[in-house]
Amino acid sequence: DLKKVWIPAVKAAVAAGLVVAVTSQSLFGRVNPNVYRNLRLLSATGAAFCSDLLPETAYVKLACALGRSKDPESARKMLLENWAFEYNDRLP
């Protein structure tokens, strides 16, 4: 039942020009939109999948990105860039 999921709200937020970041709560976790159905649905909303970025790091990095650009797409791209080795491609 779509009334009980937050995917439509995320889609509406992205459509309104907000940047939505998806992170893992696990210290060594990784967000993978191909694992669960809801993540596949969420990937269609335009939310930014932040791989293994910690939520706190994503929060600070998004604040920096929004301070540099008010354009949501530009800020989203900055959020996904590896500025200071905050993304670890070597972890499985």
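The preceding data block contains the structure.
What you see as residue numbers is a count from 1 along each chain, following the sequence as written. Only residues with pLDDT of 70 or above have their local features reported here, since the model is predicted, and side-chain atom pairs are shown and tallied only from 80 upward, although totals for entire chains, interfaces and linings are computed over all residues. Side-chain calculation: all heavy atoms of the structure are included, whereas hydrogens and water are not.

Participant: Could you give an account of helix α1 (residues 7–15), with specific residues and numbers?
Facilitator: Classification of residues uses two cut-offs on accessible area relative to the type maximum, computed with a 1.4 Å probe and protein chains only: under 20% is buried, over 50% is exposed, and between them is partly exposed. Only DSSP runs of H or I covering at least 4 residues are called helices, and only runs of E covering at least 2 are called strands; the numbering of each starts at the N terminus. Burial in α1 covers these residues: Ile7, Val10 and Ala13. Down the axis of α1, the smallest arc covering the buried residues is 120°, so these residues share one side. Residues Lys11 and Ala15 are exposed on α1 and point more than 90 degrees away from its buried face. We call two residues contacting when some pair of their heavy atoms lies within 4.5 Å. As for α1, its buried residues are in contact with α2 (37–43). After α1 finishes, the residue Gly17 shows a positive phi value of roughly 100°. What the arc measures is the spread of directions leading from the helix axis to the C-beta atoms.

Participant: Tell me about the nonpolar core, and please be specific about residues and values.
Facilitator: Counting residues in hydrophobic clusters, the biggest one holds 11 residues: Val19, Ala48, Cys50, Leu53, Ala58, Leu62, Ala65, Ala75, Met78, Leu79 and Tyr87. When contributions to this core are tallied by element, the ones reaching two or more residues are α3 (55–68) and α4 (72–80). When sequence neighbours within four positions are dropped, the list of residues in contact with Val19 reads Leu62, Leu66, Pro72, Ala75, Arg76 and Leu79. Counting residues in each nonpolar core, the second largest holds 10 residues, with Ile7, Ala13, Val31 and Phe49 among its members. Here the nonpolar core consists of buried residues drawn from Ala, Val, Leu, Ile, Met, Phe, Trp, Tyr and Cys, with membership extended through side-chain atoms lying within 4.5 Å.

Participant: Any chance you could break down unusual backbone geometry for me, citing the residues and the numbers?
Facilitator: For residues other than glycine, phi is negative in most cases, and the peptide bonds are mostly trans. A positive phi angle, near 45°, is found at Ser51, a position not held by glycine. With respect to the helices and strands, Ser51 occurs in the loop between β2 (48–49) and α3. In the Ramachandran plot, Phe85 falls in the positive-phi region, its phi being about 60° despite a non-glycine side chain. Within the secondary structure, Phe85 is located in the segment after α4. Taking the relative accessible area as the measure of exposure, Phe85 reaches 75% and is therefore exposed.

Participant: Outline the pattern of salt bridges, supporting the account with residue identities and numerical values.
Facilitator: For this document, the term salt bridge refers to a Lys or Arg side-chain nitrogen within 4 Å of an Asp or Glu carboxyl oxygen. In the structure shown here, the tally under the stated rule is 2 salt bridges. Of the charged contacts in the structure, one is a salt bridge between Arg30 and Asp52, with a shortest N-O distance of 3.9 Å. One end of the pair, Arg30, is in the loop between β1 (21–22) and α2; the other, Asp52, is in the loop between β2 and α3, and 22 residues separate them in sequence. Among the ionic pairs, Lys61 bridges to Glu86, the shortest N-O distance being 2.3 Å. Of the two residues, Lys61 sits in helix α3 while Glu86 sits in the segment after α4, which places them 25 residues apart along the sequence. In this pair, the class of Lys61 matches that of Glu86, namely buried.

Interpretation note: all reported values are geometric properties and have no functional meaning in isolation.
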